[in-house]
Amino acid sequence: VADFEIPQLKEYPIIPKIHEGVMAHSKPFVAKAEFQEQLGFPGELIDNWQQVAIEKMGELSGKYRSLQVFLDACVKCGACTDKCHYYLGTSDPKNMPVARQDLYRKVYRRYYTFAGKYFPKLVGATDLTREVLDDWYSYFHQCSQCRRCSVFCPYGIDTAEISMAAREVMDAVGVGQKYCNEIIGKVYKIGNNLGLPEPALADTLEGLEEDIEEDTGVAVKLPLDQKGADVLLITPSADFFAEPHVDGLMGYAKVFHEAGISWTLSSYASEAANFGMFIGSYENMRKLSLRIREAALELGAKRIIFGECGHAWRVAYSFLNTLAGPFDFLDPNYPVPQHILEFTYDLIQRGAITLDKSANDDMVLTFHDSCNVARASRMGPMPGGQFVIPREVIKASCNHFYDMPQDTIHDATFCCGGGGGLLTDDLMELRVKGALPRMEALKYVVENYGVTHMAAICAICKSQFSKVLPYYGFRMDSIVSVHQLVSNAIVLGSKQ
Amino acid sequence: MPFWTIVYALLFYAATALLVGGLAYRIRKYAKTPAPLKIPTTPAPVTQHGVVLRMFREVAFFESLFRSNKWIWIFGYLFHFGLFLVLARHLRYFTNPVWFWVDLIQPFGKYAAFFMAAGLLGLWARRFLVDRVRYISVLSDHLMLALLVAIAMTGMSMDYLSHTDIVSLKAFFLGLMYFDWQPLPEDPLLLVHLALVATLMIIFPISKLLHAPGVFFSPTRNQIDNPRAEPGLRPHDSRHIAPWAAELDKTT
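Residues numbered from 1 in each chain as written. Chains lettered and ligands numbered in written order. Predicted model: local features only at pLDDT ≥ 70, side-chain atom pairs only at ≥ 80, totals over all residues. Heavy atoms only, no water.

(A) The overall build of chain B, seen in detail. Secondary structure assignment for chain B yields twelve helices and zero strands. Across chain B, helices and strands are ordered from the amino to the carboxyl terminus as α-α-α-α-α-α-α-α-α-α-α-α. Principal-axis analysis of the C-alpha atoms places the extent of chain B at approximately 70 × 45 × 40 Å. Buried positions account for 52% of the 252 residues belonging to chain B. Pairs at least 24 apart in sequence give 70% of the contacts found in chain B among residues at least 6 apart. For chain B, the accessible surface area stands at approximately 12400 Å², while carbon and sulfur atoms represent 74% of it. Taking the average place of the 23 positive charges on the side chains of chain B and the average place of its 15 negative ones, the gap between the two points comes to 7 Å. (Helix = DSSP H or I, 4+ residues; strand = E, 2+ residues; numbered from the N terminus. Buried < 20%, exposed > 50% of the residue type's maximum accessible area, 1.4 Å probe, protein only. Contact = heavy atoms within 4.5 Å. Areas by Shrake-Rupley, 256 points an atom, 1.4 Å probe, with all protein chains shown as cover. Lys, Arg positive; Asp, Glu negative; His and termini not counted. Charge placed at Lys NZ, Arg CZ, Asp CG, Glu CD.)

What follows is the structure, encoded as structure tokens:
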């Protein structure tokens with residue numbers, strides 16, 4: 001039972017009237033000193049925090065053109081005001097993208113622009129006070145960095161860039177978020193977000209091998225730290241045990257098995273997700289990425305393939321080469337990195353694997369485009385391949401597929417409500433309310449096409465929906481992995 | 001030289017210097033600030049040619065805004081396209097002989113002022129009528145619209161209500177350009193119109209009007225989608241990296 005009001009699913013999406021301050025109480029737990037210091041941040045709010053924060057803001061506008069241009073260019077046209085799932089789900093005006101940006105912009109204006117220095121009231125500039133900092137902590141942790149606003153902004157202003165900057169400023173003065181910063185610390189210490197050490201990981205993979213063999217009679221391997229394997233698979237650690245993630249992992253294993261390509265996981269780089277992005281920290285993002293490079297070198301892999309994970313795929317596809325490249329030691333015939341769906345799709349195209357669609361006849365499927373895959377990456381050589389390839393793989397694996405309404409898919413997709421470092425129980429109200437637009441779209445296809453399951457390609461989406469679907473009256477297990485469908489449908493041994 | 005001529009001559013020299021200097025300073029800043037990461041909003045073009053087309057559609061048709069909100073698009077487009085024609089028409093006061101194409105658009109330019117004003121009033125109305133837009137509007141947002149509406153109104157008044165001496169006006173501006181000052185007609189409407197225009201020029205580089213140069217530097221719109229090593233798009237020994245980020249590689 002929730003201690004907040006669960007939004008009603010309406011027949012048609014309605015843009016709510018604004019209700020000021022209704023989400024001001026929503027704040028994630030603050031990181032403890034030990035976790036802050038691990039990442040090179042002050043343990044708690046420092047004495048001269050205002051001065052340090054203002055200097056940090058100046059430093060960041062000098063390092064990121066995006067931030068500098070986005071702070072200057074907004075004309076307050078209002079085009080973004082009804083585009084954020086958190087606004088649509090909460091009706092708090094500070095969850096409108098422009099208003100969220102303005103929390104940062106009004107301080108930037110006060111200290112870094114002529115108008116804000118001399119005519120602060122005129123342009124809505126304010127000093128950086130404790131109240132402003134509290135507002136930042138609250139509302140910059142109500143942005144999942146999904147970039148939907150940037151699609152609709154006439155100048156492409158991306159609120160994600162601003163919330164990343166704000167989180168970096170807050171970390172620099174000692175106010176970090178527990179969930180993200182603890183997790184980053186775990187990767188440095190152990191190798192993955194879950195803190196799953198090598199022996200436990202090896203054990204888990206062995207268990208999965210047994211499961212597959214019991215289920216299919218075929219000895220499909222899930223190798224760990226195998227030197228000389230062609231493919232290094234980097235997948236979110238949730239794939240090792242969470243539902244429905246793990247069914248996807250078994251799907252990857254079966255696909256590699258059928259393709260006859262040697263592959264391995266790495267215990268050192270056993271995490272695809274890179275939470276360094278959520279906190280806007282280039283340095284942490286880079287350090288996390290370098291683990292993947294080191295693992296690839298150590299194991300002598302020829303290719304790097306990423307499992308199903310949205311933000312991970314953004315960092316992998318868009319940033320990995322910048323952060324940890326160049327990858328001139330890998331096979332130049334393949335992109336670095338590749339997505340597991342690109343790999344599977346290619347095999348399907350070439351007829352190298354056989355899929356029995358009827359294996360998924362108990363499901364009527366729809367597909368949730370994960371925000372960071374949709375708007376911050378690509379699959380295949382064509383722009384928009386990130387929409388086509390997952391759907392083609394799903395359609396090759398099942399007989400019944402229907403898309404959700406046009407304005408909720410592809411690059412207009414809605415975030416699941418738990419992305420960008422918000423997938424934590426201390427933000428449950430936000431997560432439930434933020435899922436509203438996706439739930440309304442799902443309801444539409446459930447009622448009109450009898451859809452029973454929604455497939456996703458992101459560890460966060462899968463965890464978030466498992467948790468949030470029941471609040472809206474859907475079954476918890478109606479969220480599935482795309483490679484779970486492949487896993488069900490693939491005919492093992494057909495090509496031997 | 002008459003008093004007002006001297007005042008306005010100096011005002012326009014100053015306004016032009018601030019506009020050009022201020023914009024040059026901002027543009028230089030945007031150009032010199034690195035974009036350390038590839039962040040185009042995807043799907044994005046994978047070639048330079050494609051990026052030029054994307055930017056053209058954005059600037060010429062307000063493509064993203066069209067997808068976003070039809071009302072803002074209609075009003076915004078009326079205003080900007082109207083302004084473009086009006087500005088082009090005004091070139092006749094700065095060129096002698098008047099360029100061929102400026103003559104050609106003269107009739108359109110005259111009516112464009114109505115579209116411009118209609119667009120502005122529509123945008124302004126939204127700041128009062130739509131609760132979300134009302135929430136994000138501050139005083140300067142209203143004043144900016146007031147300024148532009150006043151410029152349009154005084155301009156249209158001289159066209160349709162009380163004609164000003166445009167022959168002398170043209171002599172004044174050509175005189176400014178060639179440093180051979182000529183007297184400015186002392187028509188109150190004209191003086192107000194010109195003072196407002198000079199104000200707009202002065203605040204341009206220190207206000208949200210920076211969206212005009214800013215859009216060209218927006219990384220989500222102007223970057224090529226080729227971040228990863230990929231056959232045909234980026235060789236495996238190449239990477240997109242900012243100078244400050246490359247420094248990090250040297251220390252570890």
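(B) Focus on the nonpolar core. The biggest cluster of nonpolar side chains holds 201 residues, and the ones touching the most others in it are Tyr 104, Trp 136, Leu 205, Phe 256, Ile 304, Phe 306 and Leu 442 of chain A. Sequence-distant contacts of Phe 256 of chain A, defined by excluding residues within four places in its chain, comprise Val 231, Leu 233, Ile 261, Trp 263, Ile 305, Ile 340 and Phe 343 of chain A. (Core = buried A, V, L, I, M, F, W, Y, C linked by side-chain atoms within 4.5 Å.)

(C) Representation of the pairing of strand 3 (residues 303–306) of chain A. Residue and element names in this part refer to chain A. Of the two faces of strand 3, the one holding Arg 303 and Ile 305 and the one holding Ile 304 and Phe 306 are both buried throughout. Of the strand pairs in this sheet, strand 1 (residues 231–234) and strand 3 are connected by four bridges, and their pairing is parallel. For Leu 232, the partnering residue across the bridge sits in strand 3 and is Ile 304. (Pairing = 2+ DSSP bridges.)

(D) Fine view of the sheet that holds strand 6 (residues 453–456) of chain A. Residues and elements named next belong to chain A. The three strands lie next to each other as 5-6-7, forming an open sheet whose pairing is parallel. Among the strands making up the open sheet, the edge pair consists of strand 5 (365–367) and strand 7 (479–481). Taken pair by pair, the neighbouring strands of this sheet meet at an average axis angle of 40°, ignoring direction. Packing of helix 21 (residues 459–468) onto the sheet brings it into contact with strand 6 and strand 7, and relative to strand 7 it is tilted by some 160°. (Axes fitted to C-alpha atoms, helices over the stretch in contact; angles between N-to-C directions.)

(E) Structural view of empty space enclosed by the protein. In the structure shown here, the tally under the stated rule is six cavities of 30 Å³ or more. Forming the walls of the largest cavity are 16 residues, and the residues nearest its centre are Tyr 64, Glu 161, Met 164 and Gly 280 of chain A together with Leu 37 of chain B. If you list the elements that add at least two residues to the lining of the largest cavity, you get helix 3 (65–73), helix 10 (159–172), helix 14 (282–299) and helix 15 (310–324) of chain A. Counting residues per element, the lining of the largest cavity draws most heavily on helix 10 of chain A, at four residues. By residue class, the composition of the lining of the largest cavity is eleven nonpolar, two polar and three charged. (1 Å grid on protein atoms, 1.4 Å probe; cavity = no way out; pocket = protein on both sides within 12 Å on 5 of 7 lines; lining within 4 Å. Points joined across faces, edges and corners; volume = space filled by probe spheres on them. Nonpolar A, V, L, I, M, F, W, Y, C, P; charged D, E, K, R; others polar.)

(F) Representation of the side chain of Arg 127 of chain B in the model. Assignment of secondary structure puts Arg 127 of chain B in helix 5 (residues 100–129). Asp 141 of chain B provides the closest opposite charge to the buried, salt-bridge-free Arg 127 of chain B, at an N-O distance of 4.6 Å. There is a polar contact of 2.9 Å between the side chain of Arg 127 of chain B and the backbone oxygen of Lys 76 of chain A. Ignoring sequence-local partners within four residues, the contact set of Arg 127 of chain B consists of Val 75, Lys 76 and Cys 77 of chain A together with Val 133, Arg 134, Ser 137, Asp 141, His 142, Leu 145 and Lys 208 of chain B. (Salt bridge = Lys/Arg side-chain N within 4 Å of Asp/Glu carboxyl O. Polar contact = N/O pair within 3.5 Å; in protein donor to acceptor, adjacent residues only side chain to side chain.)

(G) Looking closely at the interface of chain A and chain B. Each partner contributes residues to the interface: chain A has 88 residues there, and chain B has 65 residues. In this assembly, chain A packs against chain B so that about 6200 Å² is buried in total across both faces, 57% of it on carbon and sulfur atoms. If you look at where chain A meets chain B, you find six salt bridges. Here Asp 411 of chain A ties to Arg 67 of chain B by a salt bridge, and the two come within 2.8 Å at their closest N and O atoms. (Buried area = accessible area lost by both parts, 1.4 Å probe.)

(H) The packing of helix 13 (residues 245–259) of chain A against helix 22 (residues 482–489) of chain A, seen in detail. Residue and element names in this part refer to chain A. Here helix 13 crosses helix 22 at 55°, and the two axes come no closer than 7 Å. Viewed along their axes, helix 13 and helix 22 adopt a mutual orientation that is oblique. Crossing of helix 13 over helix 22 shows left-handed handedness. Of helix 22, the residues touching helix 13 (which contributes Asp 247, Gly 248, Met 250, Gly 251, Tyr 252, Lys 254 and Val 255) are His 483, Gln 484, Val 486 and Ser 487. (Parallel < 35°, antiparallel > 145°, perpendicular 65-115°, else oblique. Left-handed = near helix turned anticlockwise from the far one by under 90°.)

(I) How the structure looks around helix 2 (residues 48–61) of chain B. All names here are of chain B. Look at helix 2: 20 Å from first C-alpha to last across 14 residues, which is about the 20 Å you get at 1.5 Å a residue. Those residues of helix 2 not exposed but buried are Gly 50, Val 51, Arg 54, Met 55 and Glu 58. When helix 2 is viewed along its axis, its buried side chains cluster within an angular range of 135° and face the same direction. Structurally, helix 2 contributes buried residues whose contacts are with helix 3 (63–68) and helix 11 (219–222). (Expected span 1.5 Å × (residues − 1). Arc of directions from axis to C-beta.)

(J) Focus on helix 11 (residues 178–189) of chain A. Residue and element names in this part refer to chain A. Taking 1.5 Å as the rise per residue, helix 11 with twelve residues should run 16 Å; its terminal C-alpha atoms sit 16 Å apart, in good agreement. For helix 11, a buried count of nine out of twelve residues is recorded, marking the element as mostly surrounded by other parts of the structure. Regarding helix 11, the residues found buried are Tyr 179, Cys 180, Asn 181, Glu 182, Ile 183, Ile 184, Gly 185, Val 187 and Tyr 188. Of the surrounding secondary structure, the elements contacted by the buried residues of helix 11 are helix 1 (33–38), helix 10 and helix 14. Immediately downstream of helix 11, the backbone of Gly 191 shows phi near 120°, a positive value.

(K) Inspection of the sheet that holds strand 4 (residues 338–339) of chain A at higher detail. Residue and element names in this part refer to chain A. Spatially, 2-1-3-4 is the arrangement adopted by the four strands of the open sheet, whose pairing is parallel. Where the open sheet ends on each side, the last strands, each with one partner, are strand 2 (263–264) and strand 4. Here strand 3 pairs with strand 4 via two bridges, running parallel. By the bridge assignment, Ile 305 is partnered in strand 4 with Gln 338. On the sheet, helix 15 packs against strand 3 and strand 4 and is oriented at approximately 145° with respect to strand 3.

(L) Quick look at a nonpolar patch on the surface. All names here are of chain B. Together, Tyr 111, Phe 114, Phe 115, Tyr 160 and Leu 161 give the surface a local cluster of nonpolar side chains, amounting to about 570 Å² of exposed area. When residues of the nonpolar patch are assigned to their parent elements, the largest contribution, three residues, is made by helix 5. For Phe 115, the position within the fold is in helix 5. (Patch = residues over 30% accessible without salt bridge, like charges linked within 9 Å, V, L, I, M, F, W, Y side chains within 5 Å.)

(M) Summary view of the layout of surface pockets. Roughly 800 Å³ of internal volume is contained in the second largest pocket. Looking at the lining of the second largest pocket, the elements that each hand over two or more residues are helix 4 (85–90), helix 9 (148–152) and helix 20 (436–449) of chain A together with helix 3 of chain B. Across the lining of the second largest pocket, the residue classes break down as 15 nonpolar, eight polar and ten charged.

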